[in-house]
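Chain by chain, the residues run as shown.
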Amino acid sequence: MGNAPSSEQEVNVPARTTKTSSALSQEARTKFQNWLEKFPFDLKSPQIQSVLNASRVLDVESSKVLLRKGEIPAGLYVVVSGKFEVLSEGENFVLREIGEGDCFGEVSVMYNTKCTATVRAISRSTVIQLKTEDARRLFTLPPKIPQREWFIQRKYIDSSGLFEGSGLSKDIALKVLTKAPVFQGWNENTLKEIVKSLKERPITLYPAGSVIFLQGFTGSEMYILLHGRVQFSTKDQELAVFDAGENGFCFGEEGLFAKTKRRSNVRTLSPCQIIQLTAENFHGALDKNPADKMLLQLTHQKWKEHITKRNNQLYEEFGGALDMEILRMALKQTKYFSSCPSGFVYIIALSITVKAVQEEQAILSHKQYSEGHWLFLVLKGSAILVNDEDNTEQLLDVEQIFCKTSLSPANAWVKANEVSVVAVFPWSAVTEAQDVFPDVTLEQ
């Protein structure tokens, strides 16, 4: 949300709320404190307590407006529950959706500017309000970072023309590309050239309900979600919902690297900011940076190997449920990889072989188990660890990675307890990821 300078001092409250409470619940305090940690201020404990004491809880009816374009905000708001929408000029287009734990109105408060977008409740919601005069009294202004840098950090659309040309969008795109797992280790100058190839509109805004791509159509692009939520589905089932998070979310790379048919439908569930890349966006950039050209070729080779290892019949049966994005999500949801960055998980996912194992058949043979070189995750079904030393069997936790450790029996093997689908990957992939991300510690 952009904001335009103002010298006005009065505070307008554009919408009536249904209920006001000065007491913050524990949930509200936690969400507000989490947000305060992101603020560009060095707040000490006494200041934080003063901010909490000055804040109040508002219950807001659906369709009520809390910020209106061209006016000074009554304060800044942190969403405790419910959702809000940021509206464009004329209030006929939604620019952004604001959900639980997020904030709005802070730009106008921190940088002493008017609002340039209207913010309206989508549903009955609860927010924490810190009044403008209290915020400016309690915070040490100006903030530590310039307004433009805050826009980049928050991935805000400049709806008021505060910043000249498309420079802001390009800087936001560059920041997200540097975090994308596909571009791990790339030179920033290369990424700048890629952004430059996107011309004047590096970021596309998709309204909620937009189709990004459809199942059965051949892909040739990859996408990076900067803000918003997308849903993966097939004609038979909903598969997963992905949020952009702080660093963005890559999807559809198989289309770019392999030109295969899409196995999923992808639609936006909220207004989404998305970067779309094709092979053409890389040509000029890589000609100037041969080292990054080699990195792209290496990623292309890994994709080729990943696809070559596929059981086509299995992938035909399960379709989009075995998409790379779903496999990455499955890995990330395990305790083993839960705290790992997306680039770490991406390296692991590219090494995965998905296979179907019949009941009582080996997932890991005696030899594979003994070597300790293989890990796996059960995607469907269940698995049993057979201990040859005392002739016992242990049902494994199917929601976690199986990895032989110092506490595991020396002589054993792992079998399918029923017809199962498992994702198997080598320990060498974990080692490779650790080389790239040496500071990562795996949860055991």
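About the criteria used
- Residues numbered from 1 in each chain as written.
- Predicted model: local features only at pLDDT ≥ 70, side-chain atom pairs only at ≥ 80, totals over all residues.
- Heavy atoms only, no water.
- Axes fitted to C-alpha atoms, helices over the stretch in contact; angles between N-to-C directions.
- Helix = DSSP H or I, 4+ residues; strand = E, 2+ residues; numbered from the N terminus.
- Parallel < 35°, antiparallel > 145°, perpendicular 65-115°, else oblique.
- Contact = heavy atoms within 4.5 Å.
- Nonpolar A, V, L, I, M, F, W, Y, C, P; charged D, E, K, R; others polar.
- Salt bridge = Lys/Arg side-chain N within 4 Å of Asp/Glu carboxyl O.
- Buried < 20%, exposed > 50% of the residue type's maximum accessible area, 1.4 Å probe, protein only.
- UniProt positions renumbered as here; feature names shortened; annotations may be inferred.
- Patch = residues over 30% accessible without salt bridge, like charges linked within 9 Å, V, L, I, M, F, W, Y side chains within 5 Å.
- Areas by Shrake-Rupley, 256 points an atom, 1.4 Å probe, with all protein chains shown as cover.
- Core = buried A, V, L, I, M, F, W, Y, C linked by side-chain atoms within 4.5 Å.
- Pairing = 2+ DSSP bridges.
- 1 Å grid on protein atoms, 1.4 Å probe; cavity = no way out; pocket = protein on both sides within 12 Å on 5 of 7 lines; lining within 4 Å.
- Points joined across faces, edges and corners; volume = space filled by probe spheres on them.

**Q** Describe the packing of helix H9 (residues 280–287) against helix H10 (residues 290–308), and please don't skip the residues or the numbers.
**A** Running from N to C, H9 and H10 point in directions that differ by 140°, and their axes come no closer than 7 Å. As judged from the angle between their axes, H9 and H10 are oblique. Listed contacts from H10 to Phe282, Leu286 and Asp287 of H9 are Pro290, Asp292, Lys293 and Leu296. For the contact of H9 with H10, a count of residues per class yields four nonpolar, no polar and three charged.

**Q** Give me the lowdown on the pattern of salt bridges, citing residues and values where you can.
**A** Oppositely charged side chains may form a pair once their charged atoms are brought near each other. Per the counting criterion, the structure on display carries 23 salt bridges. Across the pair arginine 148 and aspartate 171 runs a salt bridge whose closest N-O atoms are separated by 2.6 Å. Taken together, the positions of arginine 148 in helix H5 (residues 147–154) and aspartate 171 in helix H6 (residues 167–179) put the pair 23 residues apart, joining distant regions of the chain. Under the relative-accessibility criterion, aspartate 171 is labelled partly exposed at 29%. Arginine 262 is paired through a salt bridge with glutamate 221; the nearest N and O atoms lie 3.3 Å apart. You can see arginine 262 sitting in the loop between helix H8 (253–258) and strand S18 (265–268) and its partner glutamate 221 sitting in the loop between strand S13 (211–213) and strand S14 (222–227), a full 41 residues away along the chain. Among the charged side chains, a salt-bridge network with shared partners connects Glu254, Arg263, Arg310 and Asp323.

**Q** Go over H5, please, and point to the residues and values.
**A** All of the buried residues in H5 are Gln147, Trp150, Phe151, Ile152 and Arg154. Immediately downstream of H5, the backbone of lysine 155 shows phi near 60°, a positive value.

**Q** Tell me about the UniProt feature "domain: Cyclic nucleotide-binding" (unreviewed entry) in the protein chain, residues and numbers included.
**A** In the numbering used here, UniProt assigns the "domain: Cyclic nucleotide-binding" (unreviewed entry) feature to residues 39–139 and 182–286. With 23% helix and 40% strand, residues 39–139 has end C-alpha atoms that lie 10 Å from one another. Secondary structure within residues 182–286 divides into 22% helix and 34% strand; the distance between the first and last C-alpha atoms comes to 14 Å.

**Q** Residue-level account of a nonpolar patch on the surface, with values.
**A** A cluster of nonpolar side chains, namely Val211, Leu214 and Phe217, defines an oily patch on the protein surface of about 270 Å² accessible area. Residue valine 211 is classed as partly exposed on the basis of its relative accessible area, which comes to 40%.

**Q** How would you sum up the nonpolar core? Please name residues and give values.
**A** Grouped together as the largest cluster of nonpolar side chains are 89 residues, with contacts concentrated most on Phe139, Phe183, Leu331 and Phe337. When residues in this core are grouped by element, the largest group, seven residues, is from helix H13 (residues 342–350). Each residue touching leucine 331, except ones within four places of it in the same chain, is listed here: Phe337, Val345, Ile348, Ala349, Ile352, Leu377, Ile401 and Phe425.

**Q** How would you explain the sheet that holds strand S10 (residues 118–121) if you had to name every residue and give the values?
**A** The strand order across the open sheet formed by four strands is S4-S10-S6-S7, and the pairing between neighbours is antiparallel. With partners counted over all chains shown, the strands left at the sheet margins are strand S4 (65–67) and strand S7 (94–98), one partner each. For this sheet the average axis-to-axis angle between neighbouring strands, irrespective of direction, equals 30°. Across four bridges, the pairing between strand S6 (residues 84–87) and S10 is antiparallel. If you follow phenylalanine 84 over to S10, its bridge partner there is alanine 121.

**Q** Describe in detail the sheet that holds strand S12 (residues 204–206), supporting the description with residues and values.
**A** The four strands lie next to each other as S12-S19-S14-S17, forming an open sheet whose pairing is antiparallel. The sheet terminates laterally at S12 and strand S17 (249–251), the two strands that pair on one side only. Shown here is a sheet whose adjacent strand axes are inclined to one another by a mean of 35°, direction ignored. Direction of pairing for S14 relative to S17: antiparallel, over a ladder of three bridges. If you follow tyrosine 223 over to S17, its bridge partner there is phenylalanine 251.

**Q** I'd like a description of the layout of surface pockets, backed by residues and values.
**A** Taken as a whole, the largest pocket spans an internal volume of roughly 820 Å³. If you go around the largest pocket, you meet 28 residues; those closest to its centre are Lys38, Asp102, Arg154, Gly245 and Glu246. Going through the elements one at a time, S7, H5 and H6 are the ones with two or more residues in the lining of the largest pocket. For the lining of the largest pocket, the residue count by class is seven nonpolar, eight polar and 13 charged. Here the second largest pocket is characterised by a volume of approximately 580 Å³. In terms of lining residues, the second largest pocket is bounded by 23 residues, among which Gly248, Phe249, Lys332, Pro341 and Ser342 are the most central. For the lining of the second largest pocket, the elements supplying multiple residues, two or more each, are H6, strand S16 (238–243), S17, helix H12 (324–332) and H13. Looking at which element gives the most residues to the lining of the second largest pocket, the answer is H12, with four residues. The class makeup of the residues in the lining of the second largest pocket is 10 nonpolar, seven polar and six charged.

**Q** Tell me about empty space enclosed by the protein, and please be specific about residues and values.
**A** Applying the stated criterion to the full structure yields three cavities of 30 Å³ or more. Each pocket or cavity is described by its volume, and for the largest cavity that value is around 120 Å³. Lining the largest cavity we find 14 residues, and of these Gly252, Glu254, Arg262, Asp323 and Glu325 sit closest to its centre. Listed by contribution, the elements that provide at least two residues to the lining of the largest cavity are H8 and H12. Considering only residue class, the lining of the largest cavity consists of four nonpolar, four polar and six charged.

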